[in-house]
Amino acid sequence: MLFRSEWLKNDELFDRFYVDSTSPSGLRYAKDCGKMKRGQVAGCQGIDKYWKTNLPLNGRKVTRRTSRIVAAMKSGSDHLDMEVDHIDRNPENNHPFNLRWVSASNNNRNRRNSGKCLRGVTFDKRPDRTKPYGAKVKVNGKSKFLGMFRTEEEAHQAYISALRTYQLALPYEYLGR
């Protein structure tokens, strides 16, 4: 089975690395590889806080995120059309139970909200509105309007209910509830 079309085969990954939740990158070397010694932490941390490691490919090196390698080793395959989501939103935490395969749109749902309203909520600033908070959710690339609400919390609750109804990825703070 090919790993990410051009990567090493999956069994070669298991020969080179092993998953270790005590390692900051989530991976350690399973055998000596050039300057890297067996048991040493695999990879280095980039300025974006994601851990990356180099893999040999046709006589050259390619850089890959260790989170993708850990997730592929955990699941047994690489999902070519999916992304790896850090459930707790911490790119430094590559523990296997913190990683999951999701679509790009579901991965974006787990981002931190940088707007003024809660995720899934919009505010209509026109003064004549008795219900100024709107809620919407995207399903299969199409926006579904959920209604207008008196409070931001009511609108956000409608958004969370819709995520559950359409079986979409929940934001981190709602997992396990």
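Located above this text is the structure these notes cover.
All of these numbers come straight from a predicted model, not from anything done at the bench.

Calculation notes
Residues numbered from 1 in each chain as written. Predicted model: local features only at pLDDT ≥ 70, side-chain atom pairs only at ≥ 80, totals over all residues. Heavy atoms only, no water. Salt bridge = Lys/Arg side-chain N within 4 Å of Asp/Glu carboxyl O. Buried < 20%, exposed > 50% of the residue type's maximum accessible area, 1.4 Å probe, protein only. Core = buried A, V, L, I, M, F, W, Y, C linked by side-chain atoms within 4.5 Å. Helix = DSSP H or I, 4+ residues; strand = E, 2+ residues; numbered from the N terminus. Contact = heavy atoms within 4.5 Å.

1. Re the pattern of salt bridges
Part 1 of the argument: Tallying each qualifying case throughout the model produces 6 salt bridges.
Part 2 of the argument: Across the pair arginine 126 and aspartate 124 runs a salt bridge whose closest N-O atoms are separated by 2.7 Å.
Part 3 of the argument: Two residues, aspartate 124 and arginine 129, come together in a salt bridge whose shortest N-O distance is 3.0 Å.
Part 4 of the argument: Given a relative accessible area of 35%, arginine 129 falls into the partly exposed group.
Part 5 of the argument: Through salt bridges that share partners, Asp48, Lys52 and Arg65 make up one connected network.

2. Structural notes on the nonpolar core
Part 1 of the argument: With 17 residues, the main nonpolar core has Phe17, Leu27, Leu55 and Ile69 as its most contacted residues.
Part 2 of the argument: Of all the secondary structure elements, the ones that give two or more residues to this core are strand S2 (27–29), strand S4 (51–57), helix H2 (66–75) and strand S7 (99–102).
Part 3 of the argument: Per-element tally for this core: the top contributor is H2, with 5 residues.
Part 4 of the argument: The residues contacting phenylalanine 17, other than those within four sequence positions of it, are Leu27, Arg28, Tyr29, Ala30, Ala42, Thr53, Leu55, Ile69 and Met73.
Part 5 of the argument: Core analysis: the second largest hydrophobic core is formed by 7 residues, Val137, Val139, Ile160 and Leu163 among them.

By themselves, these are just geometric observations and shouldn't be taken as functional.
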